[in-house]
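An overview of the molecular structure
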Amino acid sequence: MDSNLKRKKHFRRLLSYIKPYRFAFAFAVFGMLGYAGIDTFFFANIETLIDDGLGAGNPQILVYAAIFVPAIFVIRGLFNFISTYFLSYVGFQIVTKMRQELFEHLMRLPVAYHDKVSTGDLISKITYDTQQLAEATSRAVLTLIKEGAFVIGLLGLMFYHSWQLSLVFLVIGPVIGKVVSVVSRKFREVSSKIQTAMGNVTTTAEQMINGHQVVVMFEGQKHEAERFGAVNKATRQQNMKLVNIRTVSTSVIQFIASLSLAAVLFIASFPSMIEQLTPGAFTTMLTAMIMLLRPLKQLTNVNADFQRGLAAAASIFAVLDEEQEKDTGSHQVARVRGDVTVKNLTFRYARKDTPALNDVSFHVPAGKTLALVGRSGSGKSTISNLLTRFYDYETGAIELDGVDIREYELKSLRRQFAVVSQSVTLFNDTIANNIAYGAQEQVSREAIERAIQLAYADEFINEMPLGLETIVGENGVMLSGGQRQRIAIARALLRDAPLLILDEATSALDTESERHIQAALENLQQNRTSIVIAHRLSTIEKADEILVLDHGRIVERGTHQELLALSGVYAQLHNLQVGGENGKTAD
């Protein structure tokens, strides 16, 4: 699509956000026009003040003017308040609505989109880009209408007194228009680069903050400072480019306007023109011409604000136009039995040549436990992501209770699963709210307490001064790894889903924590279909079937004893782990 058409499309789309607040916007426009009208009216009375007051020696005119000026400025202030207040109201309403839309849309986008776009870039769009849109467009509209109306008023006043002299100012219109069109293109380019640069600043800062311990441990402060310095410098350079373009363009336009003012003064020096103009009329003309320079400068700068706002709008609309996660299924069920069948499943991630899973088939009867083992990158976690439809597979089928999971409504499908992974996500909220997070209905205090007992989390929660009302900090920073894991298990218990996915839930825990968590997981697995992705083979010895994966294929399958008897890959992994544990014991 042509860039001009895109800009027009974005502008029309932006106007659609104003529509619900059109009455408030109309009040703002009324205030702007009133403000410009009062200023024009004030300058229109300069002729009367000079000719009838000072020139004719009429002191009464000057007395009236003394009363008139404060009254004018009171009315002017009222119009200014109306315009500023209602325009700010509309601007903040739009940015709030747009941020909410963006936030909700990001939650509806597929996991594959979040894989390819940095978190910092998305946060920058929610915070910086939306704010830029509101500030730039509000300022642009305020200047465009208020100063534009003032320019029209001053030109009208000039034509009223001398249309011959006023024609000179009309000659500069096309010249200024050409300058503005050239500058607009530069504004758009630089504004777009500023959006990208701010995304890089946010991303770099976020990575340092999230990985602060790693940065300090590995003495990466200098490297991170240099990296942030580079993106920070790039942002400064782009902003300075914008300032330079704005300053140069304003100076050029004001110089052009000054040439026209000089031409007017030269023409006014002709005897025929001097005879036509009274001192008051000439003073009014001269004042209006000088006053035109300020709004012309403002109108030039408004282009920079407007282009920056459009660049921010384009950035936001690009995300809002991303296709949402597809939910084509219509099958709904309150609770499945939990029978899982996978047939000839093949899947590859975007931009990957080799498949993550290649012709995988297995069956997990309801209430049974299937364990998945293998080296990193063998496809274990991919299976759990496909079961919950975070990604859609290419060939094969996954059936839940004999129904293809693509026929299920997404919400209905995901309600059937509870997931406990090695990486536990907790919110900066109370322990009680973190455990109750995602429950399908309001849960009682008793239900939460029962879940923490089954998860063996009550022993450390009861020791805390605030108990269940303890704030866990961002991502559970106030808790140990084992404590976070037990809260995640309590959350899964409270969800009471018929299917359970355990993704290396005990791989990073000490022996004491693992003992508690293993007991909690046994409580959690009762009467549920369980799919266990295991690093420690000791945790899956009781599984009904174990699949050994390698490079996306199932290379071995059977029970723990059957696989040991094969003396294959599983037996080698088992012997390595048992040997390692015995070595630690001997030490």
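Along each chain, residue indices are assigned from 1 in the same order as the chain's sequence is written. Whole-chain, interface and lining totals are the exception, using all residues; otherwise, since this is a predicted model, local features are given only for residues with pLDDT of at least 70 and side-chain atom pairs are given and counted only at 80 or more. Values reported for side chains reflect all heavy atoms of the structure, with hydrogen atoms and water molecules removed beforehand.

If you check an unreviewed UniProt entry, the protein appears there as Lipid A export permease/ATP-binding protein MsbA from Aliidiomarina haloalkalitolerans. UniProt positions are given in the numbering used here, feature names are shortened, and annotations may be inferred rather than shown by experiment. The protein has a UniProt comment under Subcellular location (unreviewed entry) that states "Cell membrane".

To continue, consider the overall build of the protein. Helix and strand assignments follow DSSP, with helices taken as H or I runs no shorter than four residues and strands as E runs no shorter than two, numbered in order from the N terminus. A tally of regular secondary structure across the protein gives 20 helices and ten strands. In the protein, which comprises 587 residues, the proportion classed as buried is 45%. Considering only residue pairs separated by 6 or more positions, the protein has 79% of its internal contacts joining residues 24 or more positions apart. To be clear on the numbers: accessible area is Shrake-Rupley with a 1.4 Å probe, and residue cover counts the displayed protein chains and nothing else. Surface exposure of the protein reaches about 30,700 Å², of which carbon and sulfur atoms provide 58%. For every residue, the accessible area (1.4 Å probe, protein chains only) is compared with the maximum for its type, and the residue is labelled buried under 20%, exposed over 50%, or partly exposed between those bounds. The contact definition used throughout considers only heavy atoms, calling two residues in contact when any of these lie within 4.5 Å.

We define a salt bridge as a contact between a side-chain nitrogen of Lys or Arg and a carboxyl oxygen of Asp or Glu at a distance within 4 Å. Taken as a whole and assessed by the stated rule, the structure comprises twelve salt bridges. Of the charged contacts, one joins R76 and D39 as a salt bridge, the two residues approaching to 2.6 Å between their closest N and O atoms. You can see R76 sitting in helix α4 (residues 59-108) and its partner D39 sitting in helix α2 (residues 22-44), a full 37 residues away along the chain. In this structure, K343 and E399 form a salt bridge, with 3.2 Å as the shortest nitrogen-oxygen distance. Taken together, the residues K343 in strand β1 (residues 340-347) and E399 in strand β4 (residues 395-400) connect sequence positions 56 residues apart. Residue K343 is classed as partly exposed on the basis of its relative accessible area, which comes to 37%. Beyond isolated ion pairs, a larger network of salt bridges with shared partners links R335, D496 and R528.

This brings us to the environment of A418. Inspection of the secondary structure puts A418 in strand β6 (residues 417-421). Residue A418 is classed as buried on the basis of its relative accessible area, which comes to 3%. Expressed as a C-alpha distance, the spacing of A418 and L494, which sit 76 residues apart in the sequence, is 9.5 Å. The residues touching A418, leaving out its near neighbours within four places in the chain, are A492, R495, A497, L499, L500 and I501.

Let us now look at a positive patch on the surface. The patches described consist of residues with a relative accessible area above 30% and no salt bridge, like charges being joined within 9 Å and nonpolar side chains (Val, Leu, Ile, Met, Phe, Trp, Tyr) within 5 Å. The positive count covers Lys and Arg only, the negative count covers Asp and Glu only, and His and the chain ends enter neither. In plain terms, the charge of a residue is placed at NZ if it is Lys, CZ if Arg, CG if Asp and CD if Glu. On the surface, K6, K8, K9 and R12 cluster together into a positively charged patch. Within the fold, R12 resides in helix α1 (residues 3-18). R12 gets classed as exposed once you look at its relative accessible area, which sits at 54%.

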